[in-house]
Amino acid sequence: MTTLVELAAEKESADVTDWAARLGWVVGLLLFIALVYWLMREGWKWRGTLQSDLPELPSAPSDPGPARLELSGRYHGSTTAGQWLDRIVAHGLGTRSRVELTLTDAGLDVVRPGAADFFIPADRLREARLDKGIAGKVLAEGGLLIVTWEHGEKLIDSGFRSDHAAEQAEWVETINTMINTATTEGTAR
């Protein structure tokens, strides 16, 4: 009868890892990921090309007047109004970033570090509301401040989230009051 030590000495363990096959799978997976990333980037650029008819974004006037409201938070993107998944990427409007908003009588100044700043003149503001989602970002009901504005011939929804969500309701009320006041004054003339 053979002992356990003799049995262990007789058998060699089989190779557990086939390094060539494993390396092939890793390289294949990395190439697949690179292809998907490249296709996503090309799709983003194509969307920008399709939206090239959108005019340049206005910049803030040199003296916009005193601030009515200020907000720090996040810019989550812009979409075609009423179509919360139709992201607008032309002129950097699709780039998520930090944001500093300032509302004045002249309009809404959107300052985005690391992305293109823009200005929405007061006469171009159409509506403000609280909503739950825009362009792939979904939060709790009322978690996003959505500002609808007109640029060129297009209505645009831009989504913002304040660092202090409780102040978003005041923004909705103030912007809608500005719009209603301007509309009332415009019809009274």
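Everything quoted here is computed from the prediction, not taken from an experiment. Residue numbers run consecutively from 1 along every chain, following the written order of its sequence. Reporting in this predicted model follows two pLDDT cut-offs: at least 70 for local features of residues, and 80 or more for side-chain atom pairs to be given and counted; totals over whole chains, interfaces and linings ignore these cut-offs and use all residues. Only heavy atoms go into the side-chain values, all of them from the structure, while hydrogens and water stay out.

Describing the packing of aromatic side chains
In step 1: Aromatic pairing here means that ring centres of Phe, Tyr or Trp (its six-membered ring) are within 6.5 Å. Orientation follows from the plane angle: under 30 degrees is stacked, over 60 is edge-to-face, and everything else is tilted. Counted under the stated rule, the structure contains three aromatic pairs.
In step 2: Centre to centre, the rings of Tyr75 and Phe118 are 6.2 Å apart; their planes meet at 70 degrees, and the pair counts as edge-to-face. With Tyr75 in strand β1 (residues 67–80) and Phe118 in strand β4 (residues 118–121), the pair connects residues that are 43 residues apart, well separated along the chain.
In step 3: Exposure classes here rest on a 1.4 Å probe applied to the protein chains alone. A residue is buried below 20% of its type maximum, exposed above 50%, and partly exposed in between. Classification of Tyr75 by relative accessible area gives buried; the value is 0%.
In step 4: Its relative accessible area of 1% is what places Phe118 among the buried residues.
In step 5: Between Phe118 and Trp149 the ring centres are 5.7 Å apart and the planes differ by 20 degrees, which places this aromatic pair in the stacked class. In this pair, Phe118 is assigned in strand β4 and Trp149 in strand β8 (residues 144–151), connecting sequence segments 31 residues apart. The same class applies to Phe118 as to Trp149, namely buried.
In step 6: Each residue in the set Tyr75, Phe118, Trp149 and Phe160 is aromatic and connected to the rest through ring pairs, giving one cluster. In this description a helix means any DSSP run of H or I spanning at least four residues, a strand means any run of E spanning at least two, and both kinds are numbered starting from the N terminus.

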